[in-house]
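# Examining the three-dimensional arrangement
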Amino acid sequence: MEDWEDGAAETLERLTASSMADAYVGTVRILSLTPPTQRRRYQTCTMELALQVPELEGETLRTEVVLDKRYWPEVGVVLRARISRRKPRMIDADWDALARR
């Protein structure tokens, strides 16, 4: 996302009182994940993530994400993410970065 897009998104989130307004900017690191199966291209992946921002030291999150099997991540992958200040269990990770690796 370009800088102006980030700014526009943040402004819209504030105007709509979104839980992601004023989110922390940090990263998530994959601690564990389920393996893909042999069938279906798009599959649900259950992950344990470490939220990496100084204000949330030691926080982890279990989540499910639908991913393209061709871009399945590995344990240890770090992705940019925005993490809600009001609801730290709500994240907006850059899942598209998996396809750019």
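What you see is a predicted model; the values in this text were computed from it and never measured.

When you go through the chain residue by residue, the secondary structure sums to 2 helices and 5 strands. Overall, the chain shows an N-to-C arrangement of helices and strands of α-β-β-β-β-β-α. Every one of the 101 residues in the chain was classed for burial, and the buried ones make up 34%. When contacts within the chain are restricted to residue pairs at least 6 apart in sequence, those whose partners lie at least 24 apart make up 59%. As presented, the chain carries roughly 6600 Å² of accessible surface, and 51% of it is formed by carbon and sulfur atoms.

A separate point is the side chain of S84. With respect to the secondary-structure elements, S84 resides in the loop between β4 (78–83) and β5 (91–93). On the basis of relative accessible area, S84 is assigned to the buried category, the value being 0%. A distance of 2.9 Å separates a polar side-chain atom of S84 from the backbone nitrogen of K87.

The 5 strands are arranged β3-β2-β1-β4-β5 in an open sheet whose pairing can be described as antiparallel. Both edges of this open sheet fall to β3 (60–68) and β5, since each of them pairs with a single strand only. Put simply, the sheet's adjacent strands are angled 45 degrees from each other on average, direction ignored. Note that strand β2 (residues 42–52) and β3 share 9 bridges and pair antiparallel. Its bridge partner being in β3, Y42 is matched across the sheet by D68.

Mapped onto the secondary structure, L61 falls in strand β3. With relative accessibility at 5%, the residue L61 sits in the buried group. In sequence terms L61 and L31 are 30 residues apart; their C-alpha atoms lie 9.7 Å from each other. If near-sequence neighbours (up to four positions away) are discounted, L61 is found in contact with M47, E48, L49, L51, R89 and I91.

Looking now at the pattern of salt bridges. A full pass over the atoms with the stated rule returns 6 salt bridges. For the salt bridge of R41 with D68, the shortest nitrogen-to-oxygen distance reads 3.1 Å. In this pair, R41 is assigned in the loop between β1 (24–33) and β2 and D68 in strand β3, connecting sequence segments 27 residues apart. Residue D68 is classed as buried on the basis of its relative accessible area, which comes to 9%. Between R100 and D94 there is a salt bridge, with its nearest N and O atoms 2.7 Å apart.

The rules behind these values
- In every chain, residue numbers begin from 1 and rise along the written sequence.
- Given that the model is predicted, a residue must reach a pLDDT of at least 70 before its local features are reported, and side-chain atom pairs must reach 80 or more before they are shown or counted; all residues, however, enter totals for whole chains, interfaces and linings.
- The basis for every side-chain value is the complete set of heavy atoms in the structure, and neither hydrogens nor water enter the calculation.
- Think of it this way: any DSSP run of H or I at least four residues long counts as a helix, any run of E at least two long counts as a strand, and we number them from the N terminus.
- A 1.4 Å probe rolled over the protein chains alone gives each residue an accessible area, and that area as a share of the maximum for its type sets the label: buried under 20%, exposed over 50%, partly exposed in between.
- In what follows, a contact means two residues having at least one pair of non-hydrogen atoms within 4.5 Å.
- Shrake-Rupley sampling with a 1.4 Å probe provides the accessible areas, and residues are treated as covered by the protein chains on show and by no other component.
- Polar contact is the term for a pair of N or O atoms within 3.5 Å; when the atoms are in protein, one must be able to donate a hydrogen and the other to accept it, and sequence-neighboring residues count only if both atoms are side-chain atoms.
- For two strands to pair, DSSP has to find at least two bridges joining them.
- Each axis is a line fitted through C-alpha atoms, and for a helix only the stretch in contact is used; angles between axes span 0 to 180 degrees, taken between their N-to-C directions.
- A pair is scored as a salt bridge if a Lys or Arg side-chain nitrogen falls within 4 Å of a carboxyl oxygen belonging to Asp or Glu.

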